[in-house]
Amino acid sequence: MQLKAVLVELVRGTVDAYPVALCRIGVGLAAILQGPSTFWYLQQHLLPDVVRAKRFAFLPDLSPPWTSIFFLVWLLVSSLFTVGFFTTVNGIVLATLLAVLLVLDQNLYSNHVYLLFLTVSLLTISGAGRAISIDARQRPRAAIVPAAPIFLLKFQLSVVYAFTALQKINGAYLAGKMLRGIFVFGPLIPDARLYQAIGIVTINSELFLAFAIWHKKTLPIAFLLGFALHVLIPPLILSHFYTLIVFSLLTLSLYVLFLPERPQSLPVLWDDHCFFCSGWIRFFRTFDWLGRLEFARASDYMLLSRHSISREGAGREIKVVVDGRVIGGYDAVVKISCFLPITMFCSILLGLGPIRAIGRRAYEWIAAYRKCTYKA
Amino acid sequence: MSLSPKETLLAIVIAGYMLIQILVPLKEMTNRHLTQFGWKMFAMAVEKVEFRIIYRDGTVEALPAILKRQKIGRILRVDVDRPRFVPPHLCAQFPNAAAIEFSRNQNSTWEQYECS
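Everything numeric here is computed off the predicted structure, so don't read it as measured data.

### Details of the overall build of chain B
So, point 1. Regarding its fold elements, chain B presents 3 helices and 4 strands.
So, point 2. Reading chain B from its N terminus to its C terminus gives the helix and strand order α-β-β-α-α-β-β.
So, point 3. Relative to its length of 116 residues, chain B is extended, with a C-alpha radius of gyration of 21 Å against a globular reference of 13 Å.
So, point 4. In terms of principal-axis extent, the alpha carbons of chain B reach across some 75 × 30 × 25 Å.
So, point 5. Taking all 116 residues of chain B together, 41% fall into the buried category.

In structure tokens, the structure reads:
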């Protein structure tokens with residue numbers, strides 16, 4: 001019965017279009033970055049010394065002039081998909097180009113091209129141009145998208161993590177041979193135990209991510225772990241730095257979809273007589289891409305009284321109201337950071353015990369010595 | 001709470017997508033070497049495959065010996081299915097080749113691909 005209710009919710013439900021739009025931008029940027037690499041592979045695979053690995057013999061070759069056209073169209077449609085201009089049409093063309101790479105020749109395959117194909121296809125089906133796009137400006141519509149493709153995108157991320165971990169459970173990987181061979185410090189530190197330990201940590205981390213990202217309680221730690229993993233891996237495997245950057249960007253873009261939905265925006269109260277506060281508010285406003293924050297000046301007495309906040313209290317520190325609870329100062333900054341896509345990963349760090357303690361002290365010190373036209 | 005035919009179709013598509021995304025990597029797990037579509041990122045060793053050319057006059061030459069004098073048989077990805085694609089490539093490069101033999105993972109048995 002419960003499964004049926006979930007199914008009904010999935011096929012009939014809708015979700016907020018803003019996180020989906022952010023995901024589209026991240027995936028589009030990953031596609032743009034992937035362009036030059038794809039062009040190189042397309043040119044190389046036609047050279048006479050390269051083994052042709054056509055998946056289907058009947059498919060025609062992409063001759064050199066066509067590879068250039070392919071590259072230019074790729075760059076054009078991935079850029080337009082990113083900015084959300086004729087998003088559906090450009091998404092279909094981009095997904096088709098990616099499909100061509102996957103079916104044409106085994107030399108043109110890569111795991112991130114495959115993941116890119118799946119994500120671009122699902123984002124296109126979902127109507128990812130509904131928010132933060134030129135399409136949305138020209139034809140304003142409700143900023144909601146169907147839940148089903150978004151669920152599949154989230155499912156896809158879990159599948160990637162789960163199978164990446166499971167495939168690593170083999171003798172060569174667990175013995176540390178694989179990691180020693182690819183890590184940038186492999187030749188310098190030959191001790192196999194180090195790579196065995198890193199291997200076990202990696203497998204466990206990926207398995208943890210596959211499931212933890214779905215649960216509200218484990219989501220913050222999954223975000224932190226995933227961010228650390230995707231930031232650390234490219235410099236550790238320098239031989240694949242560029243492709244890993246693309247893969248990391250692509251994967252982290254999908255994280256945004258796991259952010260809990262908030263039906264109401266968060267009121268943020270700030271001291272409009274304070275230059276320092278204005279700077280922070282400008283920053284928050286600029287990066288509030290999900291439209292989660294509702295900014296209100298501390299001189300707005302109506303709003304202050306609605307949340308039982310005194311004028312002095314609002315003038316002393318920035319306030320944010322979450323589920324009727326008023327949070328102030330450094331804690332408010334951390335809470336607001338959770339809702340900004342560019343700071344959501346570091347907000348978990350900022351909220352850790354010792355860092356929070358230092359942050360509170362620093363905030364209090366700055367609040368006491370800041371320059372304001374009005375003193376509470 | 002019942003689903004319309006269109007919604008039922010959508011539910012089937014969702015279930016189908018999920019099933020494919022689980023079954024394909026599961027199938028690839030049965031192969032102990034790097035293969036495509038299995039999310040085997042830096043997970044396992046490359047399959048070792050040796051190649052040798054049998055010429056029409058009966059002489060035999062191993063691929064590493066040929067590689068010393070000419071650039072040939074390059075692959076762009078380590079997960080390309082070499083036993084499937086390298087023999088036709090070598091046949092096309094050497095018109096006087098009668099067959100290509102290959103051995104997987106230093107196995108003593110050699111499989112043969114006849115050049116047409």
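### Examining the interface of chain B and chain A
It is common to give the size of an interface as the accessible area that goes away when the parts come together.
So, point 1. Of the residues lining the interface, 40 residues belong to chain B; the matching set on chain A comes to 49 residues.
So, point 2. For the pair chain B and chain A, the summed buried area comes to about 4,400 Å², and 67% of that belongs to carbon and sulfur atoms.
So, point 3. Looking only at chain B, the three residues that lose the most surface to chain A are Trp39, Phe42 and Leu76 of chain B, adding up to 21% of its buried area.
So, point 4. Where chain B packs against chain A, one counts 2 salt bridges.
So, point 5. In this structure, the salt-bridge partner of aspartate 49 of chain A is arginine 74 of chain B, at a minimum N-O distance of 2.7 Å.
So, point 6. For the interface between chain B and chain A, the tally reads 18 residue pairs in polar contact (both at pLDDT 80 or more).
So, point 7. When contributions to the side of chain B that touches chain A are tallied by element, the ones reaching two or more residues are α1 (5–29) and α3 (82–93) of chain B.
So, point 8. In terms of residue class, the side of chain B that touches chain A is made up of 24 nonpolar, 7 polar and 9 charged.

### Brief notes about the pairing of strand β3 (residues 97–104) of chain B
Residue and element names in this part refer to chain B.
So, point 1. The buried fraction of β3 is high, at 6 of 8 residues.
So, point 2. Alignment of strand β1 (residues 49–55) against β3, held across 7 bridges, turns out to be antiparallel. By the bridge assignment, glutamate 50 is partnered in β3 with serine 103.
So, point 3. As paired strands, β3 and strand β4 (residues 111–114) are joined by 4 bridges and run antiparallel to one another.

### Some details on the pattern of salt bridges
When the charged atoms of two side chains lie near each other, side chains of opposite charge can form a pair.
All names here are of chain A.
So, point 1. Per the counting criterion, the structure on display carries 17 salt bridges over all chains.
So, point 2. Linking glutamate 206 and lysine 168 is a salt bridge whose minimum nitrogen-to-oxygen distance equals 2.9 Å. Here lysine 168 lies in the loop between α7 (147–167) and α8 (171–174) and glutamate 206 lies in helix α10 (residues 192–212), a separation of 38 residues in the sequence. Lysine 168 matches glutamate 206 in its accessibility class, with the two residues each being buried.

### Focus on the environment of glycine 313 of chain A
So, point 1. For glycine 313 of chain A, the position within the fold is in helix α15 (residues 311–316).
So, point 2. Each C-alpha atom of the pair glycine 313 of chain A and glycine 328 of chain A lies 8.8 Å from the other, and the pair is 15 residues apart in sequence.

### Section: the nonpolar core
So, point 1. Counting 78 residues, the largest nonpolar core has Leu116, Phe223 and Tyr255 of chain A together with Trp39 of chain B as the members making the most contacts within it.
So, point 2. No other element matches the 12 residues that α7 of chain A contributes to this core.
So, point 3. Counting residues in each nonpolar core, the second largest holds 22 residues, with Val268, Cys277, Leu293 and Ile336 of chain A among its members.

### Considering the side chain of aspartate 331 of chain A
Residues and elements named next belong to chain A.
So, point 1. Its location among the elements puts aspartate 331 in helix α16 (residues 329–338).
So, point 2. With a relative accessible area of 19%, aspartate 331 lands in the buried category.
So, point 3. The contacts of aspartate 331, once residues within four sequence positions are left out, are Arg356 and Arg360.

### Some words on the sheet that holds β1 of chain B
Residue and element names in this part refer to chain B.
So, point 1. Ordered in space as β2-β1-β3-β4, the 4 strands form an open sheet in which the pairing is antiparallel. Each of the sheet's edge strands pairs with one partner strand only, and the pair in question is β2 (60–62) and β4. Geometrically, the sheet is characterised by an average inter-axis angle of 25° between neighbouring strands, direction not taken into account.
So, point 2. Bridging between β1 and β2 involves 3 bridges; their strand directions are antiparallel. Looking at β2, one finds that isoleucine 53 is bridged to glutamate 61.

### Quick word on the packing of aromatic side chains
Residues and elements named next belong to chain A.
So, point 1. The final tally for this structure, using the stated rule, is 21 aromatic pairs over all chains.
So, point 2. Aromatic pair phenylalanine 151 and phenylalanine 155: ring centres 6.4 Å apart, planes at 25°, arrangement stacked. With phenylalanine 151 and phenylalanine 155 both in helix α7 and 4 residues apart, this pair spans about one turn of that helix.
So, point 3. Among the residues examined, phenylalanine 151 registers a relative accessible area of 22% and is labelled partly exposed.
So, point 4. Look at phenylalanine 155 and you get buried, because its relative accessible area is 11%.
So, point 5. Between the aromatic rings of phenylalanine 183 and tyrosine 195, the centroid separation amounts to 6.3 Å while the plane-to-plane angle is 70°, which identifies the pairing as edge-to-face. Of the two residues, phenylalanine 183 sits in the loop between α9 (177–182) and α10 while tyrosine 195 sits in helix α10, which places them 12 residues apart along the sequence. Grouping residues by exposure puts phenylalanine 183 and tyrosine 195 together as buried.

### As for α7 of chain A
So, point 1. Its 21 residues place the ends of α7 of chain A 30 Å apart at the C-alpha level, agreeing with the 30 Å of an ideal helix rising 1.5 Å per residue.
So, point 2. The buried fraction of α7 of chain A is high, at 19 of 21 residues.

What counts and how
Residues numbered from 1 in each chain as written. Chains lettered and ligands numbered in written order. Predicted model: local features only at pLDDT ≥ 70, side-chain atom pairs only at ≥ 80, totals over all residues. Heavy atoms only, no water. Helix = DSSP H or I, 4+ residues; strand = E, 2+ residues; numbered from the N terminus. Rg over C-alpha atoms; globule rule 2.2 N^0.38 Å. Buried < 20%, exposed > 50% of the residue type's maximum accessible area, 1.4 Å probe, protein only. Contact = heavy atoms within 4.5 Å. Buried area = accessible area lost by both parts, 1.4 Å probe. Salt bridge = Lys/Arg side-chain N within 4 Å of Asp/Glu carboxyl O. Polar contact = N/O pair within 3.5 Å; in protein donor to acceptor, adjacent residues only side chain to side chain. Nonpolar A, V, L, I, M, F, W, Y, C, P; charged D, E, K, R; others polar. Pairing = 2+ DSSP bridges. Core = buried A, V, L, I, M, F, W, Y, C linked by side-chain atoms within 4.5 Å. Axes fitted to C-alpha atoms, helices over the stretch in contact; angles between N-to-C directions. Phe/Tyr/Trp six-rings, centres within 6.5 Å; stacked < 30°, edge-to-face > 60°. Expected span 1.5 Å × (residues − 1).

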